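Observations on the three-dimensional arrangement
Single-letter residue listing:
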Amino acid sequence: MMIRNIRTNIYKILTGYGFYICIIFTAVLCFSAYIYEDSMNGDKYSVFMAYKTFDKDFMLSDTRFCSFEVMLKGAGSWLSLFIPLISAFAFIPLVCDEYEAKSVRFEIFRSSKLCYNLSKFITACLCGGFAVMLGFGLFTLADYALFPNINEYSAELKKTYEEFLVYSYPDITQNGYGFIILQKLGEMFLYGAVCAAPAIMFTGFIRNKYLVLCIPFFIKYAVSQTCIKLQSQAVSDYNNVDTEMLKISSIFNPDALSYLSDFGNDKKLVLIYNGALLFSAAVIYLITQSRRLDSGE
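Notes on the structure follow. Residue numbering note: each chain is counted from 1, following its sequence as written. Restriction of local features to residues with pLDDT of at least 70 applies here, the model being predicted, together with a cutoff of 80 or more for giving and counting side-chain atom pairs; totals for whole chains, interfaces and linings are based on all residues. Each side-chain value is worked out from all heavy atoms of the structure, with water and hydrogens disregarded.

Direction of pairing for strand β1 (residues 34-37) relative to strand β2 (residues 44-46): antiparallel, over a ladder of three bridges. Within β2, the position partnered with Glu 37 by the bridge is Lys 44. From the end of β1 to the start of β2, which pair antiparallel, there are six residues, and Gly 42 there has a positive phi angle of about 80 degrees. A pair of strands counts as paired when DSSP detects no fewer than two bridges linking them. Only DSSP runs of H or I covering at least 4 residues are called helices, and only runs of E covering at least 2 are called strands; the numbering of each starts at the N terminus.

So, on to the pattern of salt bridges. Counted as salt bridges are all cases of a side-chain nitrogen of Lys or Arg within 4 Å of a carboxyl oxygen of Asp or Glu. As enumerated under the stated definition, the model contains six salt bridges in all. Note that Glu 69 is salt-bridged to Lys 73, the shortest N-O span being 3.7 Å. Within this pair, Glu 69 and its partner Lys 73 are both found in helix α5 (residues 67-73), separated by four residues, close to a single helical turn.

Attention now goes to the side chain of Ser 250. Position of Ser 250 among the secondary structure elements: in helix α13 (residues 243-252). A relative accessible area of 17% places Ser 250 in the buried class. Reaching out from Ser 250, the side chain makes a polar contact with the side chain of Gln 231 at a distance of 3.3 Å. Leaving out residues up to four positions away in the same chain, Ser 250 has contacts with Gln 231, Ala 256, Tyr 259 and Phe 263. Throughout, exposure labels follow a simple rule: accessible area from a 1.4 Å probe, protein chains only, divided by the maximum for the residue type, with under 20% read as buried, over 50% as exposed, and the rest as partly exposed. Residues adjacent in sequence count toward polar contacts only when both atoms are side-chain atoms; beyond that, a polar contact is any pair of N or O atoms within 3.5 Å, and within protein one must be able to donate a hydrogen and the other to accept it. Working rule for contacts: check all heavy atoms of both residues, and any pair within 4.5 Å makes them a contact.

Turning next to the packing of aromatic side chains. Any pair of Phe, Tyr and Trp rings, taking the six-membered ring for Trp, is counted once the centres come within 6.5 Å. Such a pair is stacked with planes under 30 degrees apart, edge-to-face with planes over 60 apart, and tilted for the rest. Counting across every chain of the model gives 22 aromatic pairs. Seen in terms of ring centroids, Tyr 36 and Phe 65 are 4.9 Å apart; in terms of plane orientation they differ by 40 degrees. Their pairing is tilted. Of this pair, Tyr 36 sits in strand β1 while Phe 65 is found in the loop between α4 (56-59) and α5, placing the two residues 29 residues apart along the sequence. The buried category is assigned to Phe 65, whose relative accessible area is 0%. In this analysis the charged atom, NZ for Lys or CZ for Arg, is taken to sit over a ring once it is within 6 Å of the ring centre and within 35 degrees of the ring normal. One cation-aromatic arrangement involves Lys 44 over Tyr 34; the distance from NZ or CZ to the ring centre is 5.9 Å.

Within the element layout of this structure, Ser 67 appears in helix α5. Look at Ser 67 and you get buried, because its relative accessible area is 1%. Beyond its immediate sequence surroundings of up to four residues, Ser 67 is in contact with Asp 143, Tyr 144, Phe 147, Pro 148 and Asn 149.

What follows is about the packing of helix α1 (residues 2-14) against helix α9 (residues 113-146). Their axes nearest at 9 Å, the elements α1 and α9 cross at an angle of 45 degrees. Our classification of the angle between α1 and α9 gives oblique. Where α1 crosses over α9, the handedness of that crossing is right-handed. The segment α1 lies against α9, with Met 2, Asn 5, Ile 6, Asn 9, Ile 10, Lys 12 and Ile 13 engaging Cys 115, Tyr 116, Leu 118, Ser 119, Lys 120, Ile 122, Thr 123 and Cys 127. What counts as an axis is a line fitted to C-alpha atoms, over the stretch in contact for a helix, and the angles between N-to-C directions run from 0 to 180 degrees. By definition in this entry, angles of less than 35 degrees are roughly parallel, angles greater than 145 are roughly antiparallel, angles of 65 to 115 are roughly perpendicular, and the rest are oblique. When the near helix sits turned anticlockwise from the far one by under a right angle, the crossing is termed left-handed; a clockwise turn instead gives a right-handed crossing.

So, about the nonpolar core. Side-chain atoms within 4.5 Å are what join buried Ala, Val, Leu, Ile, Met, Phe, Trp, Tyr and Cys residues into a set we call a nonpolar core. Formed by 74 residues in total, the largest nonpolar core has its most connected members in Phe 65 and Phe 68. Ranked by the residues each element gives to this core, the list is headed by helix α11 (residues 172-202), at 15 residues. The residues touching Phe 65, leaving out its near neighbours within four places in the chain, are Ile 35, Tyr 36, Ala 50, Phe 54, Phe 58, Met 59, Val 70, Phe 147, Pro 148 and Tyr 153.

Next up on the list: the packing of α11 against helix α14 (residues 267-290). The geometry of α11 relative to α14 is characterised by a closest axis approach of 9 Å and an angle of 30 degrees between their N-to-C directions. It follows that α11 is roughly parallel to α14 by the angle criterion. Seen along the crossing, α11 lies across α14 with a hand that is left-handed. For the pair α11 and α14, contact is made by Gln 183, Leu 190, Ala 193, Val 194, Ala 197, Ile 200 and Met 201 and by Lys 267, Leu 271, Asn 274, Leu 278, Ala 281, Ile 284 and Tyr 285, respectively. Classifying every residue of the contact of α11 with α14 by side-chain character gives 11 nonpolar, two polar and one charged. Nonpolar residues are Ala, Val, Leu, Ile, Met, Phe, Trp, Tyr, Cys and Pro. Charged residues are Asp, Glu, Lys and Arg, and all others, Gly as well, are polar.

Here we come to the state of the cysteines. Cysteine sulfur atoms that come within 2.5 Å of each other are treated as a disulfide pair. Scanning the entire structure with this criterion turns up zero disulfides. Summary of cysteine pairing: Cys 30 is not part of a disulfide, and the nearest cysteine sulfur, belonging to Cys 22, is at 13 Å. The thiol of Cys 195 is unpaired, and the distance to the nearest cysteine sulfur, on Cys 125, comes to 10 Å.

Here it is, written out as structure tokens:
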């Protein structure tokens, strides 16, 4: 019954427009990520501006323009700001509209309240994760078509780049670049799924879809800014860096999943923390929904 409900919910999403808007919007925002800074004047160039400004010969002189490096940096900038809206937009308007139409009771009567609500939560997280992952995948395909492949660089530049890359991806020499790309796509799926959870949780309290979409956006922004300030304080004294504070603020950062590979041995802590957030959101949502007396509310 749970699988049937999830399949029905996914069908509703795939036959609507919201899911595809999220995919396209994710890909577009990835092109706004900064990938290059001019050391002469301090100008920063996004993926789009870099492609528009520099020719291929110039790109081949700096591995920051290689397609793989551009892919790694694509999750930054504006995407990290709008991720709560993108991951939730695929599903939240549909949920709120169903409650507005009072059609929920007819679906609950055919299964059960727990099954219905749990399937809604799971579907919201899955669709949020897949929308972000597919959007990032679309950006990656475009990136590899527009920017030079690492194999096009000189042997010296390629060797230097790979030596630097080994610190974040120790298995790259054995598994190759394709495996790292798949790993990155998996990270983006988790990133989108976790960021979608607060929005579906808030539908247990609020039926206004605009508030449900915006509240997690402001909460994430506040938490992100707090983590950035804590990190700045931790490194304010270069002679006495607070490594513990730096580690904690990095793990608690809402964007940690988007650069999970950079955490090394602390990956498990990031996954445990985000798993706890996901579980807590599910529990709060299910408890709130189970206390409603009218199934159509």
